[in-house]
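Structural description and commentary
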Amino acid sequence: MKNKLNIFFSTLNVFLSIVGYQFVMVVFSNNMEAEGSSQIITIPYRAISVMVPFLVIITNFRERYRIGRIVKVLWFYWLLLFIRFINDFFIKTDVYVETDSIIKTFLFMGPMTLLPMFAVMKSIRFINIDKLFNWTFVVISISILIIFIKQGLGIYTTEYSRMQASMALGSLGTGQLALMGIIMCSSYIYLFKNISFLKKISVCFIAFLSVLILLRSGSRGPLLILIVLFSIILFSRIKNKIISLSIISLFCLVGYILYDYLLKMIGNISPMLAARIIAAGGNQFETRYSFYNDAIDIFLNNP
């Protein structure tokens, strides 16, 4: 019984780290219409998401874990970041940071990020990957359907705005959730080849809605990640690297030739995303040139 509970909470810790926050913010989005009302939901959720990894660490306190090179680099990065925070917040005299911002920064860095990360390390042997995959897939699918229904999304729109699932989950977070939906649906089809035709149609429908939400969120980052991820998978799956590079190059060439057509098609679905793509390839650097100069001057004065 104790071992089953350990497996459950160890798996739950990873699940909450991946998609727990997004799911809760989508489900309770109707309760976040007024300014500051999201805290009614976020504060209890944050408490639960801290209690779970804390419980996992206590349960697996004597578990030994061999730290790999990548994990060492990650912990070294967090150490450098912590030193930087200490220097900026408490040592520098020419920088003033409000107390509320300092407390919020350390709360997100410690209990909200490092604690679950350390819990995963301690409980890695008890994480049920199959359950984690199923939980994540089901929850993401439900979230995508809720967004689709509540937003009343159609395929085409002339609305020039970035869609967000709720006040506590902005357009970038909505785009990232949709990206996870595309990845999970693709993984489900790849892993479970013998599922029924009805299930395949359902998974493809969720994938379609995920693409629609990703585009409607107006976020370029998730779209870029999707393209890069597709290229990496294609490169790794084909043994002959020359052929894989040729196929990727062919896709890039076709994309370049059909750029205007693809941009017009994206514009019919998400005018905001099309405009942001044009801005990325146009004079965006010129409009931000002064900001870049200011950032460089700040860095040179405070390296």
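Quick caveat, the model's predicted, so the values are computed rather than measured.

**Some points on the packing of aromatic side chains**
Overall, the coordinates contain 17 aromatic pairs when judged by the stated rule. Ring centres of Phe 90 and Phe 106 lie 6.5 Å apart, and the angle between their planes is 10°; this geometry places the pair in the stacked category. Of this pair, Phe 90 sits in helix H3 (residues 69–91) while Phe 106 sits in helix H4 (residues 99–122), placing them 16 residues apart in sequence. Between Phe 133 and Phe 192 the ring centres are 6.1 Å apart and the planes differ by 50°, which places this aromatic pair in the tilted class. Pair noted here: Phe 133 is in helix H5 (residues 129–151) and Phe 192 is in the loop between helix H6 (171–191) and helix H7 (197–216), with a separation of 59 residues, a long-range link. By the ring-pair criterion, three or more aromatic residues cluster together here, those being Phe 82, Phe 85, Phe 89, Phe 90 and Phe 106. The aromatic ring of Phe 61 is capped on one face by Lys 122, whose charged end is 5.9 Å from the ring centroid.

**Examining the side chain of Ser 10**
The topology assignment puts Ser 10 in helix H1 (residues 2–27). Judged by relative accessible area, which is 0%, Ser 10 ranks as buried. Here the side chain of Ser 10 touches Asn 6 through a polar contact of 2.6 Å, landing on its backbone oxygen. Those residues within four positions of Ser 10 in sequence are excluded, and the remaining contacts are Val 56, Asn 60, Ser 123, Phe 126 and Ile 127.

**Some thoughts on the side chain of Thr 174**
The residue Thr 174 is located in helix H6 in this model. Each residue touching Thr 174, except ones within four places of it in the same chain, is listed here: Ile 147, Met 163, Gln 164, Ala 165, Leu 169, Ile 213 and Ser 217.

Procedures and definitions
- Residues numbered from 1 in each chain as written.
- Predicted model: local features only at pLDDT ≥ 70, side-chain atom pairs only at ≥ 80, totals over all residues.
- Heavy atoms only, no water.
- Phe/Tyr/Trp six-rings, centres within 6.5 Å; stacked < 30°, edge-to-face > 60°.
- Helix = DSSP H or I, 4+ residues; strand = E, 2+ residues; numbered from the N terminus.
- Lys NZ or Arg CZ within 6 Å of the ring centre and 35° of its normal.
- Buried < 20%, exposed > 50% of the residue type's maximum accessible area, 1.4 Å probe, protein only.
- Polar contact = N/O pair within 3.5 Å; in protein donor to acceptor, adjacent residues only side chain to side chain.
- Contact = heavy atoms within 4.5 Å.

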